Amino acid sequence: MTSRSKRPDRTSRPSRPNRTSRTSRPSTNGGSGSSALLGGALISALALGVAAPNSQAATPTAPTTVTKAPTPANVPTGLGPWTAPKELPGVSGVVDLKATSGGTVAGLFTQDGKTVLAVRPAGSTTWGPTTPAPGATLQRTDDGAVSLLTWADAGDGGSRTLKLSRLAPDGKAFGAAEDVTTGTLAGDWAHKSTQLTTFAANAKGHQALAWMDADHRLTVVDRTGPDAEWSAPKTLDQLPDPIVRDDNVYTYVLWDLRVAVDPTGTVGVIWGGNSYYTGDGVDPDPSAYQWHYKYLEKPAADGSSWSAPRDLPQLGEKPKQIALAAHPQGGFHLLAGGGYARKTAGAAEWGAVERAGVGARTYAPAELLTAPNGDVTAVGFIGGGTPGIATRPADKGSWGATRKLAAYVDPESLSAAATADGTVVVTYTQKRFELSRTVREDFVAQTVEGGDLSKPRTLSAQTKDSVSTGLVAADDKGRPVAVWTHATADGKRATYTATTGTRAKPQWHDYADDSRGDVVGLSLSDSMKLYTGDATNPTETFYASPWSDKTRVVAFGDADGDRCNDLIVRLPDGEARLYTPVCGGLPTPDSPHRRLARDWSKYDTLLAGGDQTGDGRPDLLARDKATGDVYLYAHDGTAGTGAFKPRVKIRSAWTGYTRVIGAGDLNGDGLGDVLALDRSGTLWRYDGLRTGKLKDRVRVFKDWGATYKDVIGAGDVNGDGKHDLLARDTGGRLWLNAGKGNGTFSNRVASGEAPYWKQWASLG
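Cut-offs used in this document
Counting of residues starts from 1 at the beginning of each chain's written sequence and follows it residue by residue. Two thresholds apply to this predicted model, a pLDDT of at least 70 for residue-level local features and 80 or more for giving and counting side-chain atom pairs, whereas whole-chain, interface and lining totals are computed over all residues. Note: side-chain values were computed over all heavy atoms of the structure, leaving out hydrogens and water. Each helix is a run of H or I in the DSSP string that is no shorter than four residues. Each strand is a run of E no shorter than two, and both are numbered from the N terminus. Here's how the labels work: a residue is buried when its accessible area is under 20% of the maximum for its type, exposed when over 50%, partly exposed in between, all with a 1.4 Å probe on protein chains only. Here, two residues are considered to be in contact whenever any of their heavy atoms come within 4.5 Å of each other. We get accessible surface area from the Shrake-Rupley algorithm with a probe of 1.4 Å; when it comes to residues, only the shown protein chains can shield them. For this document, the term salt bridge refers to a Lys or Arg side-chain nitrogen within 4 Å of an Asp or Glu carboxyl oxygen. Whenever two N or O atoms come within 3.5 Å, that pair is a polar contact, provided that in protein one can donate a hydrogen and the other can accept it, and provided that, for residues adjacent in sequence, both atoms are side-chain atoms. We call two strands paired when DSSP finds no fewer than two bridges between them. Axis definition: a line fitted to C-alpha atoms, over the contacting stretch in the case of helices. Angles run 0 to 180 degrees between N-to-C directions.

J.: Give me the overall build of the protein chain: which residues, what numbers.
T.: A tally of regular secondary structure across the protein chain gives 1 helix and 54 strands. In the protein chain, buried positions account for 59% of the 764 residues. For the protein chain, contacts bridging at least 24 residues in sequence account for 53% of all contacts bridging at least 6. Per element, the accessible surface of the protein chain, about 29800 Å² overall, is 49% carbon and sulfur.

J.: For the pattern of salt bridges, give the residues involved together with the corresponding values.
T.: Counting across every chain of the model gives 25 salt bridges. Among the ionic pairs, Asp-96 bridges to Lys-98, the shortest N-O distance being 2.9 Å. Judged by relative accessible area, Asp-96 falls into the buried class, the value being 15%. In this structure, the salt-bridge partner of Asp-710 is Arg-728, at a minimum N-O distance of 2.5 Å. Placement of the pair is Asp-710 in strand 50 (residues 708-715) and Arg-728 in strand 51 (residues 724-729), with a sequence separation of 18 residues.

J.: Before we move on, can you summarise the environment of Asp-514 with the specific residues and values?
T.: Mapping Asp-514 onto the fold places it in the loop between strand 33 (493-499) and strand 34 (519-523). Taking the C-alpha atoms as reference points, Asp-514 and Thr-532, separated by 18 residues in sequence, lie 9.0 Å from one another. Side-chain polar atoms of Asp-514 contact the backbone nitrogen of Arg-516, separated by 3.1 Å.

J.: Go over the sheet that holds strand 16 (residues 267-277) with me, naming the residues and quoting the values.
T.: An order of 14-15-16-17 is seen for the 4 strands of this open sheet, with the pairing classed as antiparallel. Only two strands of the sheet have a single neighbouring strand rather than two, namely strand 14 (243-245) and strand 17 (291-298). The average angle at which neighbouring strand axes cross in this sheet is 15°, direction not considered. Where strand 15 (residues 248-261) lies against strand 16, 11 bridges are found, and the strand directions are antiparallel. Bridging across to strand 16, Tyr-252 finds its partner in Ser-275.

J.: How would you summarise the sheet that holds strand 8 (residues 160-167) if you had to cite specific residues and measurements?
T.: The 4 strands are arranged 6-7-8-9 in an open sheet whose pairing can be described as antiparallel. Of all strands in the sheet, those with a lone pairing partner are strand 6 (137-140) and strand 9 (178-183), marking the two edges. Geometrically, the sheet is characterised by an average inter-axis angle of 25° between neighbouring strands, direction not taken into account. The sheet contact formed by strand 7 (residues 146-153) and strand 8 spans 8 bridges and is antiparallel. Each residue of the ladder has a partner; that of Val-146, found in strand 8, is Leu-167.

Geometric descriptors of this kind do not, in isolation, establish any biological role.
And the structure:
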């Protein structure tokens, strides 16, 4: 049942680091004449876990506690790793998923071939019993409620009754259905994917319902509050009659029906479609294609007067799949063909179009998510099979750069939900390839915060010739709730759900929530790269662009107290910055950051080994290029800031060392340790002291490091709870010296293929 389409040129995807070649090599490899690199003091790691191929993706193993430093107070929990999936018995498909502002989640599912409704109440992890819901649709409104809409058939083929049942913002079950109005509903006059009835409400409960009737007319009812009377149905517009040509008919098809109610009670509607060729064979008259798209508005100041339908140039010449929403600061905004426009509260006209860089799906508009402060996030497509995201911060008033989410994605699988803190979680179905052929389609989740992306996480089982697709919402704890169906080649279908757990204090160099060290660095193609060895997607390296390959990155610990490891970056001009991106993600140069210094070019090495002072927070070390003096920048202990105390010199005249490496906690005492390589090829260890200073040196290796281009303290690479050492030689091969937990290391073993690691300019 899986498509066997050809995959693009495999050279566009990096070769996979070798995780099976474990041949031991001697630990001595000659003297070292390498110059010190900033990257040589940076973090890295390699995650080597492998998931069972025929099971749903499981929760990462619990972190191995190797530090004894106290956890800082007032640490937020944030969005943690995804929990193990649970099956929803008897469910064979996911139709829709919506959540109230109070966190109760409602789902429309397929069970025994029929559509059913189920509810997962806020505070619970269990779905309630299913009830039949034929022909129903779910709508989430700006008052925080979820509504269930159905048209009850009178049985005579004529008039129907529109019924509305609401799940209140703080409710845990749907109320009784109320009759809204009677009328007819369009049949074949709409595109099969177009929602023929749409509902909106503002925070005060002013509600509006719009639908297209059997005569393809736009009809609207509204009321000023949830307990007020509905207005009489009002016909506002009508799709044109079919365009008739010799032996051919072009019938208008509805593509968009969008309604929104702004905070003041003004109702806005965009609706329309185009003439569609319904004959057989070659289309003889392309000029017969016409578009009918109109904007209508009912101002809050006038309780009954609708504006006449009018064209909206902001939609473009050939609009399709328009996103319309009320703006939290009043008025409306829309996204059409990658163009964004805003109509401020009380304004007579829409503003000029801004390019957002994100477009619609084939049969649905892009997601247009707003935060109470006016920040806007657009989630859609930037090309065929390539979803992307862009953010328009309210304080900037312009769109940031578009970020690519993934490639080879099913265009209709994209789903997004905003959590309580404004974080956006996106899910989609992505094709996986072997030998240029599709072998399965995975259900994948990705987190977006402040415009920064996390590395994608595959939630579904990695079963050959399977397809997994689903949706996401958010619960009462602000966590994403994903539900997806896994269909195998033998026709079996099962549905699973998962959410995120509590985030623990991160392990050193762990960016993938698997308790193992990861590798951060710069590529030769102007990107920052993150390699995690993630078994759910091992062949793709996560990256963010554009970064000069002359940039140097220090993989840092949790600087701001959000339980996610952060990054210190030094730009080619010497400016040093602290980035605190989304958990498991990478920043772009324009991402929010704290500037540490205008120019730190005087330091030839920046390094981080973890907590140097015993206060539970990571600290920074720097070596002066001219004097060789080593300075400690201790974390100032302020939660949420990532600031440092004034520097303190802890060592003098380390000019004889060609490399100084932040090694992490090598001996299990909870303090960061330092490795230093001298010109004779001897590697020395300096254990940390709680004063921030270092003990006297101890020899680790002799005649070591002559062929190494990068050496990094890698955290726990092999999952045994001890901090390891990774090195890349001048031929591009990667080597692992596993830590023994007492400050010493085992002999090196091969850990990566040269063709892959040659693509990295530096390891951090």
